[in-house]
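# Examining the three-dimensional arrangement
Given next are the chains, with one letter for each unit.
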Amino acid sequence: MWPFRKRGPGAWLSFRREKVPGTPPIAFIETREIPWHPHTPPPPDEIRYHDPVSYQVLARSWRPQRFADLLGQDAVVQTLSNALGSDALGHAYLFSGLRGVGKTTAARLLAKAVNCAEGPTATPCGECDSCLEIADGSSIDVVEIDAATHTGVDQVRELQELLRFRPTRDRYRVVVVDEVHMLSKSAFNALLKSIEEPPPYVLWIFATTERHKVPATILSRCQQLEFRPLSNQAIRSHLETIAEKEGFALSPGAAGTIAAAAQGSVRDALSLVDQLRAFAADKIDDQAVAQVLGVPSFDVTASLVEALSGGRVAEALGIIRTELATGHDAAILYQETGRLLRAMLHLAVDPALEPGLTDDQRALIEGRAAQLGADALTRMLGLWLEQEPMLRDAANRELALEVAALRLARWPSIQRVERWLAGGQTPPAESAPPTPTATGDRGNDPPPPASSARPANLAEALWEKHPRLAGAIEAAQVSVESDVVMIRFGAEARASANYAGSNAVRKFLETACGVVYPAAREIRVEAEAVEESGGGTPNGLMTEAENDPAVVLVREIIGGQIVAVQPDGSG
Ligand SMILES: [Zn+2]
């Protein structure tokens, strides 16, 4: 999904890191790659590193050298430490989990733990020859194989040949097989015997990102340890620690975006930071992240969600267009919008669910999240996620994103239908101010003027306790005349008038009026007389149906034609 994982012609831009004047005279040229967008400004000609001679990628220089430093894998660490401490080590382990969460690192740590001169111990010294050689990958007794490139049965046979001999110096011959699920079927079969009856000096460690592809016969002979994806929060604070120790600036927003983009993989997060340092030197801020990762800034996504949730289509499309014009990917904008909706839902449910937001970000969306509420946000998020297949499969993703946005922007209308279903009448559109005329001017006689209080509040006061009545009241003209609350319905809303005037809802109406108009002493519900001319003829029915607020609303949302109208006897 992220551009930096897409390797393809033209998708990557290479540039050279050359000797910086004034540094020791060691000649070298190194090519690094950063993701390239057509609109990304070219990187500076000369990239300066703190130490241009020995710059090491962060994932290597920050590779944990002790179990205690392994980030976010407490269960794994405890299991292995217990086994080492009680001399109950298995002869084959399977480490499974997402890429970049520490499987290979843990394999090396385990190799050190068993082969350390002071071991076997859960706290290898890190100073003996074994520890040092394992750390830099040169130990003769620790073999690392990438099954992605050594898939054949011949390689497994060669390996078995090697395992016939005792380790040269250390206690164990440790074989680490990375991406073990890539082995061929025959290779697995050949492997099976070695795992079943291994010589006592052999320790197998398999690592895989896809455990379900490893045959059950292998799985059942291994002790399986599951590595968890890291939380955004854990990655974020790790990045902040590294930034502080390495002496470069990393804004909280940038750290959050990188952590989110890494999707649980600490290695991905660190290589992103590497890329960003190559691009923005020692100042990684929100803008640098937006440019290099192609991730829209939080403000942009927030204003997009703001426009969509308010049903402001033109504004939303404008934001999308501007974003895509700066070279950002439609799929990423879609994904980030979903992520923001999720964050808002979390905030609406319980602010503690979103520890990853910075204070600024929180302040930006908190109010809107509370206003929309958890129910509405759940529905909106669901609506947004439903568009994913379309976006994934579309040849024109920009168009697909626009369609997705248009659909979400219909949200206020959908809400109106739902209110109508609950209350029998259409409440005003969100954009219309809640004035008494908002629903009263649908082509019939203009409603009587002079409303003295805030009549919309009567409906609002009712929404909680009695949504159906509230819906009915929203179609009415409410005013206070001397000490009488007048609720007037148009001729087309006779049914609502009957309902609002019925004894069944009287109590609710009185309570709400008591709150909104404490001075009033009486409530009167009235409906205009039905026009007799043509009321019963088919044409009259058709006109009546066309003017019916519910029909108008349904046609507004789903389109369509009225084919036939049948009288139902109620008026
Ligand atoms: Zn050691």
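Located above this text is the structure these notes cover.
This text gives an overview of the structure that appears in the document.

### Regarding the overall build of the protein chain
Within the protein chain, the regular secondary structure consists of 24 helices and twelve strands. A buried classification covers 37% of the 571 residues belonging to the protein chain. Looking at the protein chain alone, contacts between residues at least 24 apart form 72% of all its contacts between residues at least 6 apart.

### Comments concerning the pairing of strand β5 (residues 173-178)
Taken residue by residue, a regular strand's side chains alternate between the two faces of the sheet. Of all six residues in β5, six are buried; the element is thus mostly enclosed. What you see with β5 is no split at all: R173, V175 and V177 on one side and V174, V176 and D178 on the other are buried throughout. As judged from the five bridges shared by strand β4 (residues 142-146) and β5, these two strands associate in the parallel manner. Bridge pairing in β5 places D146 opposite D178. Since β4 and β5 lie parallel, the crossover through helix α5 (residues 153-163) that links them has a hand, and here it is right-handed. Where β5 meets strand β6 (residues 202-208), five bridges bridge the pair, whose relative direction is parallel. The residue of β6 that forms the bridge with V177 is F206. Once you follow β5 into helix α6 (residues 185-196) and on to β6, the crossover reads as right-handed.

### Remarks on the sheet that holds β4
The five strands are arranged β4-β5-β6-β3-β7 in an open sheet whose pairing can be described as parallel. Strand pairing shows two members of the sheet lacking a second neighbour, β4 and β7 (223-226), which therefore form its edges. Strand-to-strand twist across the sheet, computed as the mean angle between neighbouring axes with direction ignored, equals 15°.

### A few points about the sheet that holds strand β11 (residues 484-489)
For sheets, the rule is that strands pair by backbone hydrogen bonds, running either parallel or antiparallel. Reading across from one edge, β10-β11-β12 is the order of the three strands in this open sheet, with mixed pairing throughout. Unpaired on one side and paired on the other, β10 (477-481) and β12 (522-527) mark the two borders of the sheet. Shown here is a sheet whose adjacent strand axes are inclined to one another by a mean of 20°, direction ignored. The sheet contact formed by β10 and β11 spans five bridges and is antiparallel. Of the residues in β11, the one forming a bridge with E481 is V484.

### As for the environment of R419
Its place among the elements puts R419 in helix α18 (residues 411-423). By C-beta crowding, R419 is classed as buried, having 21 other C-beta atoms within 10 Å. Along the sequence, R419 and P467 sit 48 residues apart, while their C-alpha atoms lie 7.4 Å from each other.

### Details of the environment of P389
Secondary-structure assignment places P389 in helix α16 (residues 388-393). Looking at P389, the number of C-beta atoms within 10 Å reads 10, which means it is exposed.

### Section: unusual backbone geometry
Unlike most non-glycine residues, E179 shows phi in positive territory, near 50°. Tracing the backbone shows E179 in the loop between β5 and α6. We note that S482 has phi near 45°; this positive angle belongs to a residue other than glycine. Here S482 falls in the exposed class, since 10 other C-beta atoms lie within 10 Å of it.

### Comments concerning the packing of helix α14 (residues 330-349) against helix α17 (residues 397-409)
Where α14 contacts α17, the two axes come as close as 8 Å, and the packing angle between them is 25°. With respect to each other, α14 and α17 are oriented roughly parallel. Between α14, through A330, A331, L333 and Y334, and α17, the contact on the second element is made entirely by R397, E398, A400, L401 and A404. Partitioning the contact of α14 with α17 into residue classes produces seven nonpolar, no polar and two charged.

About the cut-offs
- Residues numbered from 1 in each chain as written.
- Predicted model: local features only at pLDDT ≥ 70, side-chain atom pairs only at ≥ 80, totals over all residues.
- Helix = DSSP H or I, 4+ residues; strand = E, 2+ residues; numbered from the N terminus.
- Buried ≥ 20, exposed ≤ 12 C-beta atoms within 10 Å, placed from the backbone.
- Contact = placed C-beta atoms within 7 Å.
- Pairing = 2+ DSSP bridges.
- Right-handed = clockwise from strand over helix to strand, strands pointing away.
- Axes fitted to C-alpha atoms, helices over the stretch in contact; angles between N-to-C directions.
- Parallel < 35°, antiparallel > 145°, perpendicular 65-115°, else oblique.
- Nonpolar A, V, L, I, M, F, W, Y, C, P; charged D, E, K, R; others polar.

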